[in-house]
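# An overview of the molecular structure
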Amino acid sequence: MTKLNMTFPEGFLWGGATAANQIEGAFDADGKGLSSQDMVAYKDPYAGEKVDNFTFNVSSTELEEYLKNPDKYKFPKRWGIDFYNNYKEDIALFAEMGFKVFRMSIAWTRIYPTGMEDEPNEKGLEFYDRVFDELAKYGIEPLVTLSHFEMPITLTQKYNGWLSREPIELFVKYAKTVFERYKDKVKYWITFNEMNMNLNSPYTGGGILADTVDNVEEAAFQANHHQFVASALAIKEGRKISPDFQIGCMINRIETYAATPDPLDQLQALRAEQLNMFYPEVQARGKYPSYMERYFKERNINIKKLPGDDEIIGSHLVDFIAFSYYMTHMAKAGISDTAGQFDSPIKNPHLELTEWDWPIDAVGLRISLNKLYDRYQLPLFLVENGLGAHDKVEDGKIHDPYRIDYLRKHIKEMKEAIADGVEIMGYTTWGCIDLISCGTSQMSKRYGFIYVDQDDEGNGTGKRIRKDSFYWYKKVIESNGEDLD
Ligand code: BGP
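Because the structure is predicted, anything quoted here is derived from the model rather than measured. (Residues numbered from 1 in each chain as written. Predicted model: local features only at pLDDT ≥ 70, side-chain atom pairs only at ≥ 80, totals over all residues. Heavy atoms only, no water.)

## Observations regarding the packing of aromatic side chains
- Across all of its chains, the model carries 45 aromatic pairs by this definition.
- Measuring from ring centre to ring centre gives 5.3 Å for Trp162 and Phe192, while their planes differ by 85°; the resulting arrangement is edge-to-face. Taken together, the residues Trp162 in the loop between α7 (153–159) and α8 (166–182) and Phe192 in strand β4 (residues 188–192) connect sequence positions 30 residues apart.
- For Trp162, a relative accessible area of 1% corresponds to the buried category.
- Here Phe192 falls in the buried class, since its relative accessible area comes to 2%.
- Judged by centre distance (5.3 Å) and plane angle (70°), the ring pair of Phe278 and Tyr288 falls under edge-to-face. Note that Phe278 is positioned in helix α12 (residues 263–285) and Tyr288 in the loop between α12 and α13 (291–298), a separation of ten residues in sequence.
- Since its relative accessible area comes to 0%, Phe278 is described here as buried.
- Assessed through its relative accessible area of 16%, Tyr288 is described here as buried.
- Over the face of the ring belonging to Tyr288 we find Lys305, whose NZ or CZ atom lies 3.7 Å from the ring centre. (Phe/Tyr/Trp six-rings, centres within 6.5 Å; stacked < 30°, edge-to-face > 60°. Helix = DSSP H or I, 4+ residues; strand = E, 2+ residues; numbered from the N terminus. Buried < 20%, exposed > 50% of the residue type's maximum accessible area, 1.4 Å probe, protein only. Lys NZ or Arg CZ within 6 Å of the ring centre and 35° of its normal.)

## A look at the state of the cysteines
- In total, this model carries zero disulfides according to the counting rule given.
- Left unpaired, Cys432 is separated from the closest cysteine sulfur, that of Cys438, by 16 Å. (Disulfide = S-S within 2.5 Å.)

## Focus on the pattern of salt bridges
- The final tally for this structure, using the stated rule, is 38 salt bridges.
- Residue Glu281 pairs with Arg285 through a salt bridge whose shortest N-O separation is 2.9 Å. Highlighted residues: Glu281 and Arg285, both in helix α12, separated by four residues, approximately one helical turn.
- Residues joined in a network through salt bridges with shared partners are Asp391, Asp400, Arg403, Asp434, Arg446 and Lys467. (Salt bridge = Lys/Arg side-chain N within 4 Å of Asp/Glu carboxyl O.)

## Observations concerning the pairing of strand β5 (residues 246–258)
- Counting buried positions along β5 gives ten out of 13 residues, so the element sits mostly inside the fold.
- The sheet contact formed by β4 and β5 spans three bridges and is parallel. By the bridge assignment, Tyr188 is partnered in β5 with Gln246.
- The sheet contact formed by β5 and strand β6 (residues 320–331) spans ten bridges and is parallel. The partner of Gly248 across the bridge, within β6, is Phe320. (Pairing = 2+ DSSP bridges.)

Spelled out as structure tokens, the structure:
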């Protein structure tokens, strides 16, 4: 047998991933408007308050209350980890690890505070200029998400978010502004983060107040439809602005196994697979897959489309498929469809769970990489993967062998997939620096190589400390994935 190619390609983009609303803080600095994530209040899971670990929705009554009495609540995404003021130190640390790429997002509300202004906010634009220039100093490529689970809260109040068509035009205006401004500084873009998470959390993904609609699933898909059109139109504009742009779509990839060989369980798993693939089907192949017709009919879902929408969607396809990978699910006939949900009601006995009950499945990553590549034959970008854990500081050090172990196993499986023939552009671990959790708003759910001295309530010095995993990842990058010990 000839030797397998088990090495990462030259120029493989190693790095880390973040999102504006989970790191920046400075929520009202320099003209920034309020975003949907600025309105997510912290609920203390240790004080008996119910933390919605999986749906992270905000209701219309909560929103009204938060707007009326903001001082009564804590909103961790308003303070983040103060990347807004600390970006130089943080980027220097990424550079020390040898990052080739840094995934970040732009906060729409820094550029258009309510989404509706005619002119962008220059101060907001300048902030990202500074960040991109700082990255360039170290030769780090930015990978920029235009909308990572946030939009101006004004658009939720006025239009119930992406449920309406109006945000399409406003989003395209915003995309054009940043494409133009940063065309010489940014090459890699993602339009929307994890499109499939609208189903799980219509508020997070679509800015929708779920308690105000009758058919929540229909609303989530309607929002997705508007986002498909907006994404395609943004790609159209992007291509006019720079031929160098590489623009991708993104899903939260959840591999779903049938619980048993029972054909009905297999069918259930196929359904979950189809639903997960629905999004790249539309954005990479350019049309709604036929299997969704039955899905929609059976659930009384009517998607309102305008003439021309299908053509727009079909004419501006993505260059690559980005995805996050954290877990796998199990499917069993008769047990409600879990696809698109974060929570799986059936536990896989072969898998260990994280402290937040997320099943750990490195081999599932290889399976997912193969399936996505077989299906779309487009380069893949693994833009989120990582372990949320409680870290302890001992004598000023953080020993996190559990994180190293998790990442090592996933990187090994990525290597296997490369040997299988899969084309992978890069790997950005989630939360390369500790940040505010998307789902729970906790600081104590840490993913980083860099520890940030801050607690769930925002107290602490904010000091950055290199964890053991920091030195480990540095070696991984230096050796282009050869030294994983
Ligand atoms: C993904 C989101 C990220 C991120 C990650 C981990 O779904 O794109 O924003 O936070 O999940 O989730 P959590 O922060 O809830 O642990």
